Amino acid sequence: MSRPDAPAEPVEPIIPVEADPAVKVPLAVEDWLAVILLATLAIITFLNVLVRYFTDQSFAWTEEISVFLLIVLTMAGGSVAFVRNHHIRIEILADSGSPRRQRIMALIANSCVLAFFVLLTVLSVKLVYDEFIYEETSPAIGVPTWWYSIWLPVMAAAISLRTLGTLRRLARAPVQDAPR
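Residues numbered from 1 in each chain as written. Predicted model: local features only at pLDDT ≥ 70, side-chain atom pairs only at ≥ 80, totals over all residues. Heavy atoms only, no water.

Another aspect to go through is the UniProt feature "transmembrane region" (unreviewed entry) in the protein. Here, the residues flagged by UniProt with the feature "transmembrane region" (unreviewed entry) are residues 32–53, 65–83, 104–125 and 145–164. Its end C-alpha atoms 28 Å apart, residues 65–83 is made of 100% helix and 0% strand. A helix fraction of 100% and a strand fraction of 0% characterise residues 104–125, whose end C-alpha atoms lie 32 Å from each other. (UniProt positions renumbered as here; feature names shortened; annotations may be inferred. Helix = DSSP H or I, 4+ residues; strand = E, 2+ residues; numbered from the N terminus.)

Given below as structure tokens:
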């Protein structure tokens, strides 16, 4: 048992908090975007539940808006995950071996991610263009579908730029190989 006037021992967090890497555009942009989107999604869904409970009707537009918000939320979270190195990976391959091997694996993984999101950006621009040209409208609200789709190439381009920055930092970092 410790004395009441004894200084408290520092408690280490269960999950260590790593500092964010130095980036030109603060990661707080995506963090706050995710917070705002999630709050908006929760409010819309809660209001729809209340309306459905009290009136046996529902807002037709809530599902459409919710899907759109979830897509943008996922892309914002993905952007931050790649910069903070919290994305899905096979850790036994990515985190084992020498520092040189880990760096090579990180360069390969981030290059694949970059190629995927650049391709997604290009193809989603074509999708948005087609929706704009053919004047597609959403089923519930009747607004042009490109209003929703435009965010896919924007967010895919943001992830591409974030991944490019990660690749740049990885390429410039000094290799610290273990002594043989």
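Read on for the rest.
Turning our attention to the nonpolar core. Among the nonpolar cores identified, the biggest contains 19 residues, and L69, M75 and F117 are the most heavily contacted of them. Examining the composition of this core, we find that eight residues originate from one element, helix 2 (residues 61–83), more than from any other. Not counting residues up to four positions away in its chain, the partners in contact with M75 are F117, L120, L152, M155, A156 and I159. (Core = buried A, V, L, I, M, F, W, Y, C linked by side-chain atoms within 4.5 Å. Buried < 20%, exposed > 50% of the residue type's maximum accessible area, 1.4 Å probe, protein only. Contact = heavy atoms within 4.5 Å.)

Below, the discussion takes up the pattern of salt bridges. Where charged atoms of side chains with opposite charge meet at close range, the side chains can pair. One pass over the full model with this rule turns up three salt bridges. In this structure, the salt-bridge partner of R162 is E30, at a minimum N-O distance of 2.7 Å. In this pair, R162 is assigned in helix 6 (residues 151–172) and E30 in helix 1 (residues 28–55), connecting sequence segments 132 residues apart. Taken individually, R162 and E30 each receive the classification buried, so the pair is uniform in this respect. Note that D31 and R84 form a salt bridge whose closest N and O atoms lie 2.8 Å from each other. Of this pair, D31 sits in helix 1 while R84 sits in the loop between helix 2 and helix 3 (91–94), placing them 53 residues apart in sequence. Here the salt bridges do not stand alone but share partners, grouping D20, D31 and R84 into one network. (Salt bridge = Lys/Arg side-chain N within 4 Å of Asp/Glu carboxyl O.)

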